[in-house]
Amino acid sequence: MAATRLFRPLLMSALALASGLGCTNAYLQNEGPFVFTATEVIRDDCGLLSASSVQDSWDTGELIITGDVVRMNYELLDMQLVGAFLEGGSLDEDGFMLDGSVSNAPLSAKGTQCTVDQVAVHLEATTQCATQFDGVLRVRYEPRVEQPECACQVWMRYQAVQNSQPCKLAP
């Protein structure tokens, strides 16, 4: 009888855990690799984007979704971005945001070789269909004290597409 009393909470915990394993992704957005294309340069103090680079591939990221948590292995400086789906969107529109940073990054800004204390990335996204999302991406260089010329930011509107399959336009 005492063994049954001890076993029952363990069984209930195991059932509760197992019931969550069968859940599927409640969001439209696919997981996997996405190619980012700059569609509009909002700000570029760093000189990383030019008017000619708009509509060119900018970077790639591998999107990973676990419940409401979103992660991306982002090609820029091999950083990982972490965030979540946002509440308040329409049923057809999933929004999410991601943030990440890398310390002591060697890079080029404004034509100068720099080692910045931190590169911070903030990405806001809206799902357009399972294979496409778009939004605003911000990259901020936080320089060392001895390299103030390396302080800069890049802001751009982007489109991220999976497997070269953007959303189909309605006829």
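Quick look at the overall build of the protein
Here comes step 1: Counting its regular elements, the protein contains one helix and eight strands.
Here comes step 2: Going from N to C terminus, the protein has its helices and strands arranged as α-β-β-β-β-β-β-β-β.
Here comes step 3: Relative to all contacts within the protein whose residues are 6 or more apart in sequence, the contacts with residues 24 or more apart total 54%.
Here comes step 4: Of the accessible surface of the protein, which amounts to about 10100 Å², a share of 54% is contributed by carbon and sulfur atoms.

Topic: the nonpolar core
Here comes step 1: With 36 residues, the main nonpolar core has Leu 63, Phe 96, Phe 133, Tyr 141 and Tyr 158 as its most contacted residues.
Here comes step 2: The contact partners of Leu 63, leaving out residues within four places of it in the chain, are Gln 29, Asn 30, Glu 31, Gly 32, Phe 34, Val 70, Arg 71, Met 72, Phe 96, Leu 98 and Phe 133.

Thoughts on the pairing of strand 4 (residues 79-86)
Here comes step 1: Examined bridge by bridge, strand 3 (residues 69-74) and strand 4 share six bridges and lie antiparallel to one another. Residue Asn 73 lies in a different strand from strand 4, and its bridge partner there is Gln 80.
Here comes step 2: The antiparallel hairpin formed by strand 3 and strand 4 contains four residues in its connecting segment, where Leu 77 sits at a positive phi of about 55°.
Here comes step 3: Note that strand 4 and strand 5 (residues 95-109) share five bridges and pair antiparallel. Pairing of Val 82 across the sheet is with Asp 99, part of strand 5.

Here's the deal with the state of the cysteines
Each disulfide is one covalent bond, formed between the sulfur atoms of two cysteines.
Here comes step 1: Evaluation of the coordinates by the stated rule reveals three disulfides.
Here comes step 2: The disulfide that involves Cys 46 links it to Cys 152, with 1.9 Å between the sulfurs. In this structure, the disulfide formed by Cys 46 and Cys 152 twists by about 105° around the S-S bond and is classed as right-handed. Within this pair, whereas Cys 46 is found in the loop between strand 1 (32-44) and strand 2 (57-66), its partner Cys 152 is found in strand 8 (residues 152-161), the two being separated by 106 residues in sequence. Just as Cys 46 is buried, Cys 152 falls in that class too.

Re the confidence of the model for the protein
Here comes step 1: For the protein, mean pLDDT is 82; residues scoring 70 or higher make up 75% of the total.
Here comes step 2: Confidence, read as mean pLDDT per element, is least for helix 1 (residues 2-21) in the protein (48) and greatest for strand 3 (96).

Focus on the pairing of strand 8
Here comes step 1: The buried fraction of strand 8 is high, at seven of ten residues.
Here comes step 2: Relative to strand 8, strand 1 is paired through eight bridges, and the arrangement is antiparallel. The residue bridging Arg 43 from the neighbouring strand is Trp 155, located in strand 8.
Here comes step 3: Pairing analysis gives ten bridges linking strand 7 (residues 132-142) to strand 8, with the strands arranged antiparallel. Its bridge partner lying in strand 8, Val 139 is registered against Val 154.

Quick word on the environment of Val 161
Here comes step 1: With respect to the helices and strands, the residue Val 161 is situated in strand 8.
Here comes step 2: In contact with Val 161, not counting residues within four places along its chain, are Pro 33, Phe 34, Val 35, Thr 131, Gln 132 and Pro 166.

Re the environment of Asp 44
Here comes step 1: By the secondary structure assignment, Asp 44 is in strand 1.
Here comes step 2: C-alpha of Asp 44 to C-alpha of Val 139: the two residues are 95 residues apart in sequence and 9.4 Å apart in space.
Here comes step 3: Not counting the four nearest positions on each side in its chain, Asp 44 is found in contact with Leu 49, Gln 153 and Val 154.
Here comes step 4: Reaching out from Asp 44, the side chain makes a polar contact with the backbone nitrogen of Gly 47 at a distance of 2.9 Å.

Digging into the side chain of Gln 162
Here comes step 1: Inspection of the secondary structure puts Gln 162 in the segment after strand 8.
Here comes step 2: Residue Gln 162 is classed as buried on the basis of its relative accessible area, which comes to 5%.
Here comes step 3: A polar atom in the side chain of Gln 162 sits 2.6 Å from the backbone oxygen of Glu 31.
Here comes step 4: Discounting residues that sit within four places of it in the chain, Gln 162 has contacts with Asn 30, Glu 31, Gly 32, Pro 33, Phe 34, Ala 130 and Thr 131.

The rules we used
- Residues numbered from 1 in each chain as written.
- Predicted model: local features only at pLDDT ≥ 70, side-chain atom pairs only at ≥ 80, totals over all residues.
- Heavy atoms only, no water.
- Helix = DSSP H or I, 4+ residues; strand = E, 2+ residues; numbered from the N terminus.
- Contact = heavy atoms within 4.5 Å.
- Areas by Shrake-Rupley, 256 points an atom, 1.4 Å probe, with all protein chains shown as cover.
- Core = buried A, V, L, I, M, F, W, Y, C linked by side-chain atoms within 4.5 Å.
- Buried < 20%, exposed > 50% of the residue type's maximum accessible area, 1.4 Å probe, protein only.
- Pairing = 2+ DSSP bridges.
- Disulfide = S-S within 2.5 Å.
- pLDDT = per-residue confidence, 0-100.
- Polar contact = N/O pair within 3.5 Å; in protein donor to acceptor, adjacent residues only side chain to side chain.

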